[in-house]
Amino acid sequence: MELKSIYEHMELGASQVPLNANCKILFRHSVRGDIQSGYGREVKLTNEGIELARDFGRNLKCNIGYFASSSCGRNIQTCKEILFGKKEERKICIAKQRLERPQIQNKKLSDNAFEKYGYRSEIIVHKIKTKGLSGFYSIEITTKKILDFIFSKGNQENTVDLFCTHDFQIAIIYACLFDFAATKESLKTNKWPMMLEGMIFWGQREHFWCTWRNETKEFINYLM
C-alpha cells in the first residue's frame, strides 16, 4: 500500500502490506492545541493539525473502508479532515468503548490515578504494564479488546480501515505487542506515540502482522 506520512516508518510499513490486501491503521489524532490540565476534551486541532490530516487523506492511495473514531472532538475532526483531503464521504463510526475507554475497569479509580500521577500517561502505562493499577484492565485485556474490534470491522480487499484513537491507547498496545514501558529506562529511550502516528496491521485476527517504527512482528493466535 502506498502511503505518504510525516513519519517515514509509516510509509515503509505500509509498503510491506501485500498487494490488494486489506490493512488497518490505528493512529493518534492530528496536532491539537495545548491541554492546560486534565483530559482537555474540548481542545481542537490547530491549523497545522488540520492541514496535516488533509494531506494524509489527499495522499492515501487506496480506498477507505471502515472508519472509526474516539468520541473526542479532536479525533472526529481529524477523521473529517482526512476525508476532506481525500474528497470522499464515509460514515465515521464512534467507538467510545474500544477507541477511548477500553482500558477503564472503574472510571472513578482510573481518574484518581491520573490525578495522583499528574496526568503523566507514561507513568500510568508503566504501572499497568509492570504491576497492574487499580481502576484499569491489564495491558493484555485492553489490547485484546482493541484487536478484536479492529479485526471485526471492514476487511474488504484493497481498502484501508482507519481507527482514530489517542496516544494512551496506542501506548498500551505498544507496551503489549512491542514490550514498551517494561522499565522506566524504556520510557526514556523510546518516544511516546506522536500525533498522527500509527500502527499498521494486516492479515486476520488469528494470524496478523503489525508494523511500528521500523519493526514488523507476526502474531499467531495472539490473545485469542
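Everything below is about the structure shown above.
Residues numbered from 1 in each chain as written. Predicted model: local features only at pLDDT ≥ 70, side-chain atom pairs only at ≥ 80, totals over all residues. Heavy atoms only, no water.

## Structural notes on helix 8 (residues 167-177)
Judged by how many residues are buried, helix 8 sits mostly within the fold: eleven of eleven residues are covered. Those residues of helix 8 that sit buried are Asp167, Phe168, Gln169, Ile170, Ala171, Ile172, Ile173, Tyr174, Ala175, Cys176 and Leu177. Just past helix 8, the residue Asp179 takes up positive phi, approximately 65°. (Buried < 20%, exposed > 50% of the residue type's maximum accessible area, 1.4 Å probe, protein only. Helix = DSSP H or I, 4+ residues; strand = E, 2+ residues; numbered from the N terminus.)

## Some details on the side chain of Lys145
Within the secondary structure layout, Lys145 lies in helix 7 (residues 139-151). The side chain of Lys145 is buried and forms no salt bridge, while Asp148, the nearest opposite charge, is found at 9.6 Å. Among residues more than four places away in sequence, those in contact with Lys145 are Arg98, Pro102 and Tyr137. (Lys, Arg positive; Asp, Glu negative; His and termini not counted. Salt bridge = Lys/Arg side-chain N within 4 Å of Asp/Glu carboxyl O. Contact = heavy atoms within 4.5 Å.)

## Here we look at the state of the cysteines
Two cysteines joined by a covalent bond between their sulfur atoms form a disulfide. Under the definition given, this model contains zero disulfides. Sulfur of Cys176: no disulfide; nearest cysteine sulfur belongs to Cys210 and is 11 Å away. Judged by its relative accessible area of 12%, Cys176 is buried. Among the residues examined, Cys210 registers a relative accessible area of 0% and is labelled buried. (Disulfide = S-S within 2.5 Å.)

## A word on the pattern of salt bridges
Taken as a whole, this structure holds 13 salt bridges when the rule is applied. In this structure, the salt-bridge partner of Lys144 is Asp148, at a minimum N-O distance of 3.1 Å. A residue pair is termed a helical-turn pair when its members lie 3 or 4 positions apart in one helix, as Lys144 and Asp148 do in helix 7 at four residues. Given the relative accessible area of 31%, Lys144 is considered partly exposed.

## Some details on the packing of aromatic side chains
Within this structure, the stated rule accounts for 17 aromatic pairs. Where Phe136 meets Phe168, the ring centres are 6.3 Å apart and the plane angle is 40°; that geometry is what we call tilted. Taken together, the residues Phe136 in the loop between helix 6 (121-130) and helix 7 and Phe168 in helix 8 connect sequence positions 32 residues apart. Neither residue differs from the other here; Phe136 and Phe168 are each classed as buried. (Phe/Tyr/Trp six-rings, centres within 6.5 Å; stacked < 30°, edge-to-face > 60°.)

## Structural notes on helix 6
Among the residues of helix 6, those classed as buried are Ser121, Ile124, Val125, His126 and Ile128. The inward-facing, buried residues of helix 6 contact helix 5 (107-116), helix 7, helix 8 and helix 9 (184-189). Just past helix 6, the residue Gly132 takes up positive phi, approximately 85°.

## Quick notes on the nonpolar core
Ranked by internal contacts, the top residues of the largest apolar core, which has 40 residues, are Met199 and Phe201. Listing elements by their share of this core, those giving two or more residues are strand 2 (63-69), helix 5, helix 6, helix 7, helix 8, strand 5 (198-204) and strand 6 (207-212). The element that contributes the greatest number of residues to this core is helix 8, accounting for nine residues. If we ignore the near neighbours within four places in the chain, the residues touching Phe201 are Asn22, Cys23, Lys24, Leu26, Leu147, Ile150, Phe151, Leu177, Phe208, Trp209 and Cys210. Core analysis: the next-biggest nonpolar cluster, separate from the first, contains 28 residues, Tyr7, Leu52, Met195 and Leu196 among them. (Core = buried A, V, L, I, M, F, W, Y, C linked by side-chain atoms within 4.5 Å.)

## Some remarks on the packing of helix 7 against helix 8
Working note: a packed helix pair is described by the angle between its axes plus the distance between those axes. It is the contact of helix 7 with helix 8, at a shortest axis distance of 9 Å, that shows an interaxial angle of 110°. The angle between helix 7 and helix 8 falls in the class roughly perpendicular. Handedness of the crossing formed by helix 7 with helix 8: left-handed. In contact with Ile139, Glu140, Thr142, Thr143 and Ile146 of helix 7, helix 8 contributes Gln169, Ile172, Ile173, Ala175, Cys176 and Leu177. Here the residues of the contact of helix 7 with helix 8 are counted per class, giving seven nonpolar, three polar and one charged. (Axes fitted to C-alpha atoms, helices over the stretch in contact; angles between N-to-C directions. Parallel < 35°, antiparallel > 145°, perpendicular 65-115°, else oblique. Left-handed = near helix turned anticlockwise from the far one by under 90°. Nonpolar A, V, L, I, M, F, W, Y, C, P; charged D, E, K, R; others polar.)

From the geometry alone we can't say anything about function, so treat these as descriptive.
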